[in-house]
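# Coordinate analysis (summary)
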Amino acid sequence: MKSKAITLTKREKEVCDLLLAVNSTTQISEILRIKCNTVSTIKKSIFSKTKVVNIIELYEKYKIVSIE
């Protein structure tokens, strides 16, 4: 069965890359100059789209599935 590619927005990709680089929500908000609440909302969206519940699962999925 062929898996469907996961489509993330540009901002979701930025946050995802920073999450996978072991940055905290606060660090990500400072790097991207957005509010911590915004980072948290984007993180929830990423988790929902990728069907994961934590960073470890996201990392495992990121290694297997191409996030376009």
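First things first, this report covers the structure right here in the doc. (Residues numbered from 1 in each chain as written. Predicted model: local features only at pLDDT ≥ 70, side-chain atom pairs only at ≥ 80, totals over all residues. Heavy atoms only, no water.)

## So, the overall build of the chain
Across its full length, the chain holds four helices and zero strands. The order of helices and strands in the chain, counted from the N terminus, is α-α-α-α. By sequence separation, contacts in the chain at least 24 residues apart represent 52% of the contacts at least 6 residues apart. Here the chain has roughly 4,900 Å² of accessible surface; of this, 55% comes from carbon and sulfur atoms. (Helix = DSSP H or I, 4+ residues; strand = E, 2+ residues; numbered from the N terminus. Contact = heavy atoms within 4.5 Å. Areas by Shrake-Rupley, 256 points an atom, 1.4 Å probe, with all protein chains shown as cover.)

## Things to note about the pattern of salt bridges
Summed over the entire model, instances satisfying the criterion amount to two salt bridges. Taking the shortest distance from any N to any O, the salt bridge between arginine 11 and glutamate 14 comes out at 2.9 Å. Linking arginine 11 with glutamate 14, this pair stays in helix H1 (residues 10–20), spanning three residues, or about one helical turn. The partly exposed category is assigned to arginine 11, whose relative accessible area is 32%. (Salt bridge = Lys/Arg side-chain N within 4 Å of Asp/Glu carboxyl O. Buried < 20%, exposed > 50% of the residue type's maximum accessible area, 1.4 Å probe, protein only.)

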